[in-house]
Amino acid sequence: MNIAGPIRFPTDYEVPPAVFRDLTWQREQRAALEAYTHVLVEAERPVLGSLYGNCAEETPALTRLGLQVAHIVHGSDARRPDVHASAHPHSPFRDGHDPRTARLQRLTDRNVAYLRECGVPVFVSTPDMVDVVPGARWCPVVVDADAWASDTPVLERARPVVVHAPSNGWLKGSDLVDPLMTELHEARVIEYRTLRGLDRAGMLREYRGADIVLDQFVLGLYGVAAAEAMAAGRVVVAYVGDASRRVVREATGEEVPIVEADPGTLVDVIGHLIAARDEARGLAAEGPCFVRRIHSGALSAVALGDFLTSSDE
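The written sequence of each chain sets the order in which its residues are numbered from 1. In keeping with the model being predicted, local features are shown solely for residues with a pLDDT of at least 70 and side-chain atom pairs are shown and tallied solely at 80 or more, while totals for entire chains, interfaces and linings include all residues. Note: side-chain values were computed over all heavy atoms of the structure, leaving out hydrogens and water.

Description of the overall build of the protein chain
Only DSSP runs of H or I with at least four residues qualify as helices, and only runs of E with at least two residues qualify as strands; both kinds are numbered from the N terminus onward. Within the protein chain, the secondary structure is distributed over 14 helices and 11 strands. Taking 313 residues into account, the globule formula puts the C-alpha radius of gyration at 20 Å, and the protein chain, at 21 Å, falls close to it. The principal-axis extent of the C-alpha atoms belonging to the protein chain is close to 65 × 45 × 40 Å. The buried share among the 313 residues of the protein chain stands at 50%. Residue contacts follow a heavy-atom distance rule, with two residues in contact if any of their heavy atoms lie within 4.5 Å. In the protein chain, 67% of the contacts between residues at least 6 apart in sequence involve partners at least 24 apart. The method behind every accessible area is Shrake-Rupley, applied with a 1.4 Å probe, and residues are considered shielded solely by the protein chains displayed. In the structure as shown, the protein chain presents an accessible area of about 15,200 Å², 53% of it carried by carbon and sulfur atoms. The averaged location of the 44 negative side-chain charges in the protein chain is 3 Å from the averaged location of its 32 positive side-chain charges. Values of the radius of gyration come from C-alpha atoms, whereas the globule rule sets the reference at 2.2 Å times the count of residues to the power 0.38. Burial classes follow relative accessibility: with a 1.4 Å probe on protein chains only, a residue under 20% of its type's maximum area counts as buried, one over 50% as exposed, and anything between as partly exposed. In this tally Asp and Glu are treated as negative and Lys and Arg as positive; neither His nor the chain ends contributes. Lys charges are placed at NZ, Arg charges at CZ, Asp charges at CG and Glu charges at CD.

Written as structure tokens, this is what we have:
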């Protein structure tokens, strides 16, 4: 089930926001859930709207119906700004007076406190979130590698195409990245495309045609967008961070084939990639294979397996 929003994707059951808030629908949906065995709650958002008010009240109610409940954390729902700012030098949360940071602080404080006490399994979709909740398990995002595959050669143009298409510029560090890349663009070192509001078709087109894809440079992770760029066989540059790389290494035995950079090193990293093109092409070629091994859904199924095979019966 998905609540209809600006980002559309295939789903079995899309619910308009007005319906999601309707008491009659909420009660009918609760009755419908009695035919199910398991509920995976995303981002600590109740699946029955406001019927129980919040997950702290809804999860016990669903359990009383005989359902097995788990939570999956996606990032901003539980990434506490104060903790993040203390650990990452370019954190977008370093300005405690920013109203966006204040809102996230209130949300994440509440959600993390709940997750630590909820007593049900907790999964996380990005590796940086493993340490947020004791016992949380990484459930890798899933990407259709074939859909993103590209035969556009990498780094054969004298002036490489560098693409940055953030879903949320604030959480990607776009304000730090854009000026740096614009200078390189104006110096004709690269062709820089900084794009906003792309739909899936637009993302496919831009990623498949790029030489280098810039993801995010302030959070210390990689997620769907970076995995899609790797699947397209592009050179992906991001601030993944040591902690996220460690989680992936310990869970899979593999190294993430993303070039590490932060706002202070990005210009030098781009220069090195252009100078060492064979090395960069080799790294880009690892991306599709990595995505097929780690983000095909097989490891996600393993992660969810114990929960999905559990029963009170």
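Concerning the sheet that holds strand 7 (residues 161-164)
Taken in spatial order, the five strands of this open sheet run 8-7-9-10-11, and their pairing is parallel. Two strands in the sheet have a free side with no partner beyond their single neighbour: strand 8 (191-194) and strand 11 (259-260). When DSSP locates at least two bridges between a pair of strands, those strands are taken to pair. Alignment of strand 10 (residues 235-238) against strand 11, held across two bridges, turns out to be parallel. Residue pairing in the sheet places Val237 in a bridge with Val259 of strand 11.

Observations regarding the packing of aromatic side chains
Centres within 6.5 Å make a pair out of two Phe, Tyr or Trp rings, where for Trp the six-membered ring is used; the pair is then stacked when the planes are under 30 degrees apart, edge-to-face when over 60, and tilted otherwise. The full count for this structure, using the stated rule, is five aromatic pairs. With centroids separated by 5.6 Å and ring planes inclined at 50°, the aromatic side chains of Phe20 and Trp25 adopt a geometry described as tilted. Taken as a pair, Phe20 and Trp25 share a single burial class, namely buried. Ring plane angle 55° and centroid distance 6.3 Å describe the contact between Phe123 and Phe307, whose orientation is recorded as tilted. Here Phe307 lies in helix 14 (residues 298-308) and Phe123 lies in strand 5 (residues 122-124), a separation of 184 residues in the sequence. Across the pair, exposure class does not vary: Phe123 and Phe307 are buried alike.

So, the state of the cysteines
Cysteine sulfur atoms are paired as a disulfide whenever they fall within 2.5 Å. Across all of its chains, the model carries zero disulfides by this definition. With no disulfide of its own, Cys55 lies closest to Cys118 among cysteine sulfurs, the gap being 9.0 Å. When its relative accessible area of 5% is taken as the criterion, Cys55 is described as buried.

Focus on the packing of helix 12 (residues 266-275) against helix 13 (residues 277-294)
Between the N-to-C directions of two axes lies an angle of 0 to 180 degrees, each axis being a line fitted to C-alpha atoms and, for a helix, fitted only over the stretch in contact. Two elements in contact, helix 12 and helix 13, have axes whose closest approach is 5 Å; the angle formed by their N-to-C orientations is 100°. In terms of their interaxial angle, helix 12 and helix 13 are classed as roughly perpendicular. Contacts between helix 12 and helix 13 pair His272, Leu273, Ile274 and Ala275 from the former with Arg277, Glu279 and Ala280 from the latter. Ten residues, namely Ala, Val, Leu, Ile, Met, Phe, Trp, Tyr, Cys and Pro, are considered nonpolar, four, namely Asp, Glu, Lys and Arg, are considered charged, and the remaining ones, Gly among them, are considered polar. Looking at the contact of helix 12 with helix 13 residue by residue, the classes come out as four nonpolar, one polar and two charged. To sort the angles, those under 35 degrees are grouped as roughly parallel, those over 145 as roughly antiparallel, those from 65 to 115 as roughly perpendicular, and the leftovers as oblique.

Focus: the sheet that holds strand 5
Taken together, four strands build an open sheet; the order of strands is 3-4-5-6 and the sheet is parallel. Each of the sheet's edge strands pairs with one partner strand only, and the pair in question is strand 3 (38-42) and strand 6 (137-138). Pairing between strand 3 and strand 4 (residues 68-73): five bridges, direction parallel. Each residue of the ladder has a partner; that of Leu40, found in strand 4, is Ala70. Across the face of the sheet, helix 3 (residues 55-64) comes into contact with strand 3 and strand 4 while running at roughly 145° to strand 4.

Details of helix 9 (residues 200-209)
Among the residues of helix 9, those classed as buried are Gly202, Met203, Leu204, Glu206, Tyr207 and Gly209. Looking at the buried residues of helix 9, the elements they touch are helix 6 (145-148), strand 7, strand 8, strand 9 (212-214) and helix 10 (224-231).

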